[in-house]
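Residue-level listing of the chains:
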Amino acid sequence: ALGDSTGILRDHFTDIGDRLALQLHSGHKIGEIMKAQVKAQQRGLKDHKKNEKFLESALVLSTLTDMSVESTTESFSNWSQYFNFTNMELANVGRTITQIARQTGLTGKNLEDAIKSAEKFNRSLRAAGTETAGMVGQTAKIMALAKAAGIEDVMGPLMEGLTGGFGKFKDLSSKMQSQLTRMAGGDTD
């Protein structure tokens, strides 16, 4: 019985140590970290070690870009769950988004909105079997640049036309269809 309780106690101290290290590394409070861990587990992400690593990447991204912990954790959970990205791929996406923030000047809620807009298109790319960690970064960059330029309302339909297959393309206005066809090097006549 003593051996069992010693192992349990050791595991609890290890968890506390991991959380303290994560707090020091990310700058977030332990309560926020624990809440993010619980949310990831509620989504069915049960691999504790993988969760710790992607949570670390999400929290660091949150700190560097002033995005909310909830938003970054949700995005990382989506990418982990739906696209089955490895921790290395998730870390690369986080670094790409940090670069996007530096290039565009978008941070906080504005950057969160651009990432959310990009996620819609990422799901379409996944359905087509073309989703990669690099594509997540590229769609985020496109939507962030559009938001920074004030043209996200135009870019949204264009991205839908590009990622939604022929059905979405034919729903675009003839002007947008023509523009996309020209961009692709096709004949518009």
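Here, the structure is the one placed above.
Residues numbered from 1 in each chain as written. Predicted model: local features only at pLDDT ≥ 70, side-chain atom pairs only at ≥ 80, totals over all residues. Heavy atoms only, no water.

A. Main features of the overall build of the protein. Helix and strand counts for the protein stand at 10 helices and 0 strands. Along the protein, from the amino end to the carboxyl end, the secondary structure elements read α-α-α-α-α-α-α-α-α-α. Within the protein, buried positions represent 38% of all 189 residues. Pairs at least 24 residues apart make up 56% of the contacts formed inside the protein by residues separated by at least 6 positions. (Helix = DSSP H or I, 4+ residues; strand = E, 2+ residues; numbered from the N terminus. Buried < 20%, exposed > 50% of the residue type's maximum accessible area, 1.4 Å probe, protein only. Contact = heavy atoms within 4.5 Å.)

B. Spatial organisation of unusual backbone geometry. Positive phi, normally seen in glycine, also occurs at D66, with a value near 65 degrees. With phi around 55 degrees, N84 is a residue other than glycine that occupies positive phi space. With respect to the helices and strands, the residue N84 is situated in the loop between α4 (69-83) and α5 (87-104).

C. Region of the structure containing the side chain of T65. Positionally, T65 belongs in helix α3 (residues 48-65). Reaching out from T65, the side chain makes a polar contact with the backbone oxygen of L61 at a distance of 2.7 Å. Once residues within four sequence positions are removed from consideration, T65 is found in contact with T98, A101, T107, G108 and L111. (Polar contact = N/O pair within 3.5 Å; in protein donor to acceptor, adjacent residues only side chain to side chain.)

D. Representation of the packing of α4 against helix α6 (residues 108-127) within the structure. Where α4 meets α6, the axes come as close as 11 Å, and the angle between the chain directions of the two elements is 10 degrees. The orientation of α4 with respect to α6, classified from their angle, is roughly parallel. Residues S71, E74, S75, N78, W79, Y82 and F83 of α4 touch α6, and the partners they reach there are E112, I115, K116, E119, N122, R123 and R126. Of the residues contributing to the contact of α4 with α6, the split by class is 4 nonpolar, 4 polar and 6 charged. (Axes fitted to C-alpha atoms, helices over the stretch in contact; angles between N-to-C directions. Parallel < 35°, antiparallel > 145°, perpendicular 65-115°, else oblique. Nonpolar A, V, L, I, M, F, W, Y, C, P; charged D, E, K, R; others polar.)

E. Geometry of the nonpolar core. Formed by 29 residues in total, the largest nonpolar core has its most connected members in W79, F85 and L111. Listing elements by their share of this core, those giving two or more residues are α3, α4, α5, α6, α7 (133-149) and α8 (152-163). For this core, the leading source of residues is α7, giving 6 residues. Dropping the residues within four chain positions of it, L111 is found in contact with T65, M67, I97, I100, A101, L106 and A144. (Core = buried A, V, L, I, M, F, W, Y, C linked by side-chain atoms within 4.5 Å.)

F. Main features of the environment of T107. Along the chain, T107 falls in the loop between α5 and α6. Exposure remark for T107: the relative accessible area of 38% places this residue in the partly exposed category. Expressed as a C-alpha distance, the spacing of T107 and T65, which sit 42 residues apart in the sequence, is 5.2 Å.

G. Quick peek at the packing of aromatic side chains. The full count for this structure, using the stated rule, is 2 aromatic pairs. Ring centres 5.4 Å apart and planes at 35 degrees place the aromatic pair F83 and F85 in the tilted group. Here F83 matches F85 in class, with each residue buried. (Phe/Tyr/Trp six-rings, centres within 6.5 Å; stacked < 30°, edge-to-face > 60°.)

H. Geometry of the pattern of salt bridges. Under the definition given, this model contains 3 salt bridges. Here D113 ties to K109 by a salt bridge, and the two come within 3.0 Å at their closest N and O atoms. Of the two residues, D113 and K109 both sit in helix α6, 4 residues apart, roughly one turn of that helix. Using a relative accessible area of 28% as the deciding quantity, one classes D113 as partly exposed. Accessibility expressed as a relative area gives 56% for K109, which makes it exposed. (Salt bridge = Lys/Arg side-chain N within 4 Å of Asp/Glu carboxyl O.)

None of this, on its own, says anything about what the molecule does.
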